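Listed below, chain by chain, are the residues.
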Number of protein chains: 2
Amino acid sequence: MTVTGDKALVLLSGGQDSTTCLYWAIERFGRQAVTAISFDYGQRHRIELDCAATIADKAGVSYVCLPINTFAALGGDALTDTGVDVRGDLDTETGLPNTFVPGRNLIFLSFAAAYAYQRRIRHLVTGVAQTDYSGYPDCRSQTIESMQETLRLGMESDVRVHTPLMHKSKKETVELARELGALDAMADTHTCYNGVRPPCGECPACLLRAKGFAEAGVEDPLIRTV
Amino acid sequence: MTVTGDKALVLLSGGQDSTTCLYWAIERFGRQAVTAISFDYGQRHRIELDCAATIADKAGVSYVCLPINTFAALGGDALTDTGVDVRGDLDTETGLPNTFVPGRNLIFLSFAAAYAYQRRIRHLVTGVAQTDYSGYPDCRSQTIESMQETLRLGMESDVRVHTPLMHKSKKETVELARELGALDAMADTHTCYNGVRPPCGECPACLLRAKGFAEAGVEDPLIRTV
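Residues numbered from 1 in each chain as written. Chains lettered and ligands numbered in written order. Predicted model: local features only at pLDDT ≥ 70, side-chain atom pairs only at ≥ 80, totals over all residues.

Digging into the overall build of chain A
If you tally the helices and strands in chain A, you get 8 helices and 6 strands. Reading chain A from its N end, one meets helices and strands in the order β-α-β-α-β-α-β-α-β-α-β-α-α-α. A sequence separation of at least 24 residues applies to 71% of the contacts in chain A between residues at least 6 apart. (Helix = DSSP H or I, 4+ residues; strand = E, 2+ residues; numbered from the N terminus. Contact = placed C-beta atoms within 7 Å.)

Listed below in structure tokens is the structure:
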């Protein structure tokens, strides 16, 4: 069902999930009502941004890429930090480098909401999911609902955050992409942790993606095409 | 009462309110446990950042300044925007320029929380207040409480956001600064919208500040010193 009159902003990383969400938003709100937004935040594989731009272009929607230089500064080297012991910044429990930023999705949603507010876009769409491997706390349903409430209070708006994939497995996400006619677009997405095209096929991200396509009984257009 | 063992991060803009909060945090958590954080986000008066660094230095606390280049990009010129009509970005109701970013304090708190998380700092302290002129929705008590809940969920942490000035008038904030021995530090703060030292004394920010000091019966060290 298409909702008329409302505009939507899709957080598009250039990956499989957010691309599926883009097509979900196009079906729901209409192509002319949809804008895709990416963030250039120093991600390891900038190829993601090229993918996102290509995907948005082929889908026929507006596209914007916003820079965020703060994550890199949080990470260490660029940190204008005169008082904190850098060695103390490493997390000894998780072993995560201090480039890992907890709550990153909250920041993406906040910037997206600010962009949307300025343009009277009511709907935000994000591909976060609490199933499969993405057990990050900032991807969970409860967190996103709380964030929506915070954004509504903080911006005095009626913004809605949609998470079409929240409870879907990778298999179900592939099935949704097929239903939405988004399979061709998967050829332009990026998933591989090693940042190569064709994908390495061996990293955890490639393996999870392959599993989803296999379980859905669908050939991955990325593998077929590249 | 000093809370031992806990660390605190104070969002320090270089203004009167956040400086008062810095001294509040020092009294509550102890000087060694306090870090001050500023954001270099393209604010109109960079003198604020010089003030913040000076204030933190004189107070004997660690200080960090993080860059955020996203607000400027949201504003227009630097926007990597291929699809949105820039003329449509202006808010015809409020007349605000599109450099106005709704929910800015939510983003500051999110980045501060990320910084704090990496360093096992539990307490965030911000000088937002819902009294007097700062009626921005992202400064209100309800918003900050919701943000705290969102950060707790999104980072799986027990972060606490303190707002010592939330319900204080400017007069009461001056009185608190006096109680905390923070009046001398006021000489290093920046308030004037026109970004000049000595302050212009005529802009709304200068007038509000002067009113607070006058009502508290305290001479403003900034006026006295500069």
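Here the narrative resumes, following the displayed structure.
Quick word on helix α4 (residues 104-118) of chain B
All names here are of chain B. The end-to-end C-alpha distance of α4 is 22 Å, a good match for the 21 Å that 15 residues give at a rise of 1.5 Å each. For α4, the buried fraction is high: 15 of the 15 residues fall into the buried class. Looking one or two places after α4, you find Arg-120, whose phi comes out positive at around 55°. (Expected span 1.5 Å × (residues − 1). Buried ≥ 20, exposed ≤ 12 C-beta atoms within 10 Å, placed from the backbone.)

Let's talk about the nonpolar core
The biggest cluster of nonpolar side chains holds 130 residues, and the ones touching the most others in it are Val-10 and Ala-112 of chain A together with Val-10 and Ala-112 of chain B. If we ignore the near neighbours within four places in the chain, the residues touching Ala-112 of chain B are Leu-9, Leu-11, Ile-37 and Leu-124 of chain B. (Core = buried A, V, L, I, M, F, W, Y, C linked by C-beta atoms within 7 Å.)

Section: the interface of chain A and chain B
Contact with chain A, which involves 47 residues of that partner, is made by 47 residues of chain B. Among the residues forming the side of chain A that touches chain B, the class breakdown is 24 nonpolar, 17 polar and 6 charged. (Nonpolar A, V, L, I, M, F, W, Y, C, P; charged D, E, K, R; others polar.)

A closer look at the relation of the copies chain A and chain B
With an axial shift of 0.0 Å and an RMSD of 0.0 Å, the rotation relating chain A to chain B amounts to 180°. Here the copies are linked by what is in effect a two-fold axis. (Least-squares fit on C-alpha atoms with pLDDT ≥ 70 in both.)

Things to note about the environment of Val-159 of chain A
All names here are of chain A. Along the chain, Val-159 turns up in the loop between α5 (141-155) and β6 (160-162). The buried category is assigned to Val-159, around which 24 C-beta atoms lie within 10 Å. Between the C-alpha atoms of Val-159 and Cys-139, which are 20 residues apart in sequence, the distance is 18 Å. Apart from the residues within four sequence positions on either side, Val-159 is in contact with Ala-113, Ala-116, Arg-122, Leu-124, Gln-148, Leu-151 and Arg-152.

Some details on unusual backbone geometry
All names here are of chain A. The residue after Arg-197, namely Pro-198, is reached through a cis peptide bond having omega -5°. One non-glycine residue with positive phi stands out, namely Glu-156, at about 45°. Summarising the element assignment, Glu-156 is placed in the loop between α5 and β6.

Digging into helix α6 (residues 170-179) of chain A
Residue and element names in this part refer to chain A. Those residues of α6 that sit buried are Lys-170, Thr-173, Val-174 and Ala-177. Taken end-on, α6 shows its buried residues confined to a sector of 100°, consistent with a single buried face. If you follow the buried residues of α6, they end up packed against α1 (16-29) and α7 (204-216). The first or second residue beyond α6 is Gly-181, which carries a positive phi of 70°. (Arc of directions from axis to C-beta.)

Describing the packing of α1 of chain A against α6 of chain A
Residue and element names in this part refer to chain A. Interhelical geometry of α1 versus α6 gives an angle of 35° and a closest axis separation of 10 Å. In terms of crossing hand, the pair formed by α1 and α6 is left-handed. Every residue of α6 that contacts α1 at Asp-17, Thr-20 and Tyr-23 is listed here: Thr-173, Leu-176 and Ala-177. Its residues assigned to classes, the contact of α1 with α6 comprises 3 nonpolar, 2 polar and 1 charged. (Axes fitted to C-alpha atoms, helices over the stretch in contact; angles between N-to-C directions. Left-handed = near helix turned anticlockwise from the far one by under 90°.)

Observations concerning the pairing of strand β2 (residues 34-40) of chain B
All names here are of chain B. Judged by how many residues are buried, β2 sits mostly within the fold: 6 of 7 residues are covered. With 4 bridges joining them, strand β1 (residues 8-11) and β2 adopt parallel strand pairing. Of the residues in β2, the one forming a bridge with Val-10 is Ala-36. Read as a crossover between parallel neighbours, the route from β1 over helix α1 (residues 16-29) to β2 is right-handed. Bridge count for β2 against strand β3 (residues 62-67) is 6 bridges, and the pairing is parallel. Bridging from a neighbouring strand, Phe-39 pairs with Leu-66 of β3. One crossover worth recording links β2 to the parallel β3 by way of helix α2 (residues 47-59), and it is right-handed. (Pairing = 2+ DSSP bridges. Right-handed = clockwise from strand over helix to strand, strands pointing away.)

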